[in-house]
Amino acid sequence: MRGDGNTLDQYGSYGRQRRTGGERLWRSFEELEQAPEFRLLAENEFAPGALEREGGPSRRRVLELLGASLALAGAAGCTRQPPEKIVPYVAAPEEVTPGKPLYYATAFLLGKVASGILVESHLGRPTKIEGNPDHPASLGATSPLAQAFVLGLYDPDRSKVVIRHGRISSWVNFLAAAAAERERLLARRGAGFRVLTEPVTSPSLAAALRALLAELPEARWHQYQPLTGDHARQGSRLAFGEPLHVLYRLEQADVIVSLDADLFGAGPAAVRYARDFASRRRPDHPAGMNRLYVVEPAPSVTGAMADHRLALSNRQVELAARALAAGLGLPVSPQADAPAKEWIAAVAADLDRSRGRSLVVAGEHQPPAVHALALAINHQLGNLGRTVFCTPPLEAEPVDQMASLKELVADLAAGRVQTLLILGGNPVYQAPADLGFGEALQRAELRIHLSLYEDETSQLCHWHLPEAHPLEAWSDARAFDGTVTLLQPLIEPLYAGRSALEVVSIFAGRPSQTGEEILREYWRGAAGAADFERWWRSALHDGLVRGSEFPPKPVSLRPDLFARLPEPPAAAPLELSIRPDPAVWDGRFANLAWLQELPKPITKLTWDNAVLLSPATARRLELAGGDLVELSAGGRSVRAPVWILPGHADECVTVHLGYGRTRAGKVATGIGFDAYRLQSSDRPWCTSVQLRRTGERYQLASTQHHHAMEGRRLVREATLAEFRRDPGFAHHGEHPPPADLSLYPPVAYEGYSWGMTIDLNTCLGCGACVIACQAENNIPVVGKDQVARGRAMHWIRIDRYFEGDPSRPAIYHQPVPCMHCDHAPCEVVCPTAATVHSAEGLNQMVYNRCVGTRYCANNCPYKVRRFNFYLYADWSVETLKMLRNPDVTVRSRGVMEKCTYCVQRINRARIAAEREERPIRDGEVVTACQAACPVQAITFGNLNDPAARVAELKKDPRNYGILEELNTRPRTTYLARLRNPNPALERL
């Protein structure tokens, strides 16, 4: 059976594990089996078709014609870019210095929960997102979603005008209609009026909605978003008798057990949790290296970091939670078919040894019983108040969101809703299909939708209102711990959009009130500051309201908890797990091309979602990667392609939300399949499913075979015990050439000498560095077809490797930027000296000299150079021009490009240092990838400074360079991966 980069061998053996050198690591089944198609990829510089022009002459034919074209080369070289008008900055603000960016504190919102960011602004144009080091949710780092936040601001597909009945209207017309509607609502005390929002963590918006509802006492406020958090709140109600929000202190935990909780993936607290976890993954930590156990259906970012990972279906995760509770002495009867009993017993013993220094966390998609069991286990272990804390819910009005949505649908269907105001979200697309929200919505007499895009919900509404992007609007929101962040606009609304605060104000009879006025009015009363203006400026500057985090709440376990636990669901022949996508989440980021083209951390798929299956299940169903199947659940079906994923649980399938859009921007519409059609309101994350083969095929674009360095010692790993016995393990078997072996005289770098280390022990493979590099360096997207041809342009790729049995492999990530080799193989073959070395050790590209021979890419053993086969950069869309970093050249087609160590940031620091007549300080130059990394895996600095952090790490016994036997002398090196396994589980 064969698939597109996802093939199983015909005998069903799924590989013969190799244990010598680098061959024990593999990226796909083809590589594991050394299949002919993989050998073809490995033995050729580019993937088949990468050098061919679609629908045009081959490269060979172009070269044949080149000799006859030389006479025209001079004329062709005089081609000019289209003229562009420029405007002089005759009245510049005093605080603005051309060429020097300013930074403003605000927040990135994920599910309306805030993460603090700093936004870089060039002459009034936001261009780059950085983490706010003072904010508890970011600590200076960001997620891939936050890095792409700025692209959403300039998205040319954003809603630009007010729409009424499908035709262009205006805010003036809407204000008149809203005033008339307000009079009718007042006359009937709000009867028939409904407001639907996503969960509201904004104190000011909640206050505005409460004030509006006080005027209209018979109106109702409903809340819903796909990732509701209902199961977690219901679990805390089961355990403690009230809905609570649960926080974790991972840096205090020696042993962590995840019950299908992707702690480090996309989530409001993921960046902070990743940082706290990574702080204990260093072998020299005074408290010792922590240990992570993960139980989950499909491999996740968190699962890839586990010291022990167990692949179980959703139902089996609940059975494992019951068995774990029973093993720790809780009065829970484990099921007879509980899985992996020895594995769970060993985990229970490890937790018991770490009482008060451990934690158990349940995933959002697990049923309430699993959340209650996790809280009971933490209570039993004495973790509450040490590593686990409970606080009030983040939402200003916490509700059971699914129940709230069901109530609204019932009222709509019964004709009890005359006016429905929808503030954000896209419930027609995102609501579980069995509710029939779209059909019920059309029963309302007046439907108004505020959103960033004219989407599926807008299409069914009488009024569509363009929403202001969070970088254009005033607002506030709470972080994962309750800390309030004030959001301030970085730019005037590009398309005259308005915020939810302003729309609520319109219905409250104050249509001229601005978002800033509303926010200031609220906080003037809420802050209680003697000097409000000083407090206001401080809160805006810092990006948070200090002291606003929720205090821990004392809790006690309900004595009847275990009697109230519902029975686990019956086993299903084939189980469906529904999850948010790691790139586009629940679909709200689907139109951001940066995220569509970002290879997903585990599958390396781009521009699509797929049906994920284990190797054994795929073999039983006689399926290969790329086979098109029909999934059916609850009487609804979708057609989707298969992707076979090592480490996936057997007899279950996983699908991701966020695709299959029918009305979105040009980027998102028509991509992938709509997994919401399979969702039910009673069991939104797990249900029984039927799968039928269609006999058709579908092309998926995966990067897992791009730029292979197959058969080398690339990722080097060991257990913590092995490292302590032999700290030099990473260098065993190396045969580096003599230091003076070179045809060229040695070069002394006497000033600055820049270098980098990447710690594989903490790297999550999340992709934040990839998107940060893309935003900083104006890297274009190329589209699905070009990715499938091996032409992705990312300057950093993250190679994902498997090791061991495909049913339960270890998973490793290795970011690979340009190595900036001291003996750079690319430089000696360039006929035009387009790639050269600087006096500070940087391997530089001179775009003006590059003629596109690609000799450098052919000679680079690391495969880190990217060629512009086409004019990928958009030169016509005006808003996208505003997005670009003015300090970095926008490349045209026909040139080679690659990582520059963010030379523009080096030069910015150099200018500041020279102005102050001092050397550049350690840590003053922070590359874009380094700044974004949630776990601080990347360190950059001056190798000539013995006190520099990077110089210290280069002396670490785990430090090594890849392919050093080729005498390339890479300046980017790695710290080897360490695992901290439980000795009792090593034999299982």
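The shown structure was predicted, so the numbers you read here are calculated from the model rather than taken from an experiment. Within each chain, residues carry numbers counting from 1 in the order of the written sequence. A pLDDT threshold of at least 70 governs which residues receive local features in this predicted model, and a stricter bar of 80 or more applies before side-chain atom pairs are shown or counted, although totals over entire chains, interfaces and linings include all residues. Just so you know, side-chain values use all the structure's heavy atoms and leave hydrogens and water out.

Observations regarding the overall build of the protein chain
Strands here mean DSSP runs of E at least two residues long; helices mean DSSP runs of H or I at least four residues long; both are numbered from the N terminus. In terms of helices and strands, the protein chain carries 32 helices and 40 strands. What you see for the protein chain is a C-alpha radius of gyration of 28 Å, in line with the 30 Å of a compact globule of 988 residues. Dimensions of the protein chain, computed from C-alpha atoms along their principal axes, come out at roughly 90 × 75 × 60 Å. Partly exposed describes any residue whose relative accessible area lies between the buried limit of under 20% and the exposed limit of over 50%, with all areas from a 1.4 Å probe on protein chains only and scaled to the type maximum. When each of the 988 residues of the protein chain is scored for burial, the buried share is 61%. Partitioning the contacts of the protein chain with sequence separation of at least 6, the portion at a separation of at least 24 is 74%. Here the radius of gyration uses the C-alpha set of atoms, whereas the globule reference equals 2.2 Å times the residue count to the power 0.38. In this description, contact between two residues means that some pair of their heavy atoms is separated by no more than 4.5 Å.

A look at the packing of helix α8 (residues 203–215) against helix α20 (residues 515–526)
The convention used is that axes are lines fitted to C-alpha atoms, helices contributing only their stretch in contact, and that angles between N-to-C directions extend from 0 to 180 degrees. Between α8 and α20, the shortest axis-to-axis distance is 10 Å and the interhelical angle comes to 95°. Taken together, the axes of α8 and α20 are roughly perpendicular relative to one another. Of the residues in α20, those in contact with Pro203, Ser204 and Ala207 of α8 are Leu519, Tyr522 and Trp523. Residues are grouped as follows: Ala, Val, Leu, Ile, Met, Phe, Trp, Tyr, Cys and Pro are nonpolar; Asp, Glu, Lys and Arg are charged; every other residue, Gly included, is polar. In the contact of α8 with α20, the residues fall into five nonpolar, one polar and no charged. Orientation labels follow simple angle bins: below 35 degrees gives roughly parallel, above 145 gives roughly antiparallel, 65 to 115 gives roughly perpendicular, and whatever is left gives oblique.

Section: the sheet that holds strand β37 (residues 938–942)
Strands pair, by our definition, only if DSSP identifies at least two bridges between them. Strand order in this open sheet of four strands is β37-β30-β39-β38, and the pairing throughout is mixed. Each of the sheet's edge strands pairs with one partner strand only, and the pair in question is β37 and β38 (959–960). With five bridges joining them, strand β30 (residues 754–759) and β37 adopt antiparallel strand pairing. When the bridges of β37 are listed, Ile758 appears paired with Ile938.

Some points on the pairing of strand β31 (residues 797–803)
Counting buried positions over the seven residues of β31 gives seven, a clear majority of the element. Here β31 shows no split at all, with Arg797, Asp799, Tyr801 and Glu803 on one side and Ile798, Arg800 and Phe802 on the other all buried. Here β31 hands over to strand β32 (residues 810–816) after six residues, with Gly804 in that stretch at a positive phi of 100°.

Considering the sheet that holds strand β8 (residues 220–223)
What holds strands together in a sheet is hydrogen bonding between their backbones, with the strands either parallel or antiparallel. If you trace the seven strands from one edge of the open sheet to the other, you get β6-β5-β17-β16-β15-β7-β8, paired in mixed fashion. Among the strands making up the open sheet, the edge pair consists of β6 (167–168) and β8. As paired elements, strand β16 (residues 446–451) and strand β17 (residues 463–466) share four bridges and run parallel to each other. Counterpart to Ser451 in the pairing with β17 is Pro466. Together, β7 (193–197), β8 and β15 (419–423) form the strand contacts of helix α15 (residues 401–413), whose direction differs from that of β8 by roughly 130°. Across the sheet, helix α19 (residues 500–507) touches β7, β15, β16 and β17, and the angle it forms with β15 is around 155°.

A word on the nonpolar core
A general feature of soluble globular proteins is that nonpolar side chains tend to end up buried together. What makes a nonpolar core is a set of buried Ala, Val, Leu, Ile, Met, Phe, Trp, Tyr and Cys residues whose side-chain atoms join them at distances within 4.5 Å. Of all hydrophobic cores here, the largest spans 128 residues; its most connected members are Val611, Trp754, Tyr862 and Ile962. Not counting the four nearest positions on each side in its chain, Tyr862 is found in contact with Met709, Arg797, Val816, Met819, Cys821, Ile962, Leu963, Thr968 and Pro970. The next biggest cluster of nonpolar side chains, apart from the first, holds 80 residues, and it includes Ala137, Ala261, Leu359 and Cys763.

Here's the deal with the side chain of Ser143
Note on placement: Ser143 falls in the loop between β4 (125–131) and α5 (144–147). For Ser143, a relative accessible area of 18% translates into the label buried. Looking at Ser143, its side chain comes within polar contact range of the main-chain nitrogen of Ala146, at 3.2 Å. With residues up to four places along the chain from it excluded, the contact list for Ser143 reads Phe108, Val271 and Ala768. For the purposes of these results, a polar contact is taken to be a pair of N or O atoms within 3.5 Å, where, inside protein, one atom must be able to donate a hydrogen and its partner to accept one; residues adjacent in sequence count only when each atom of the pair is a side-chain atom.

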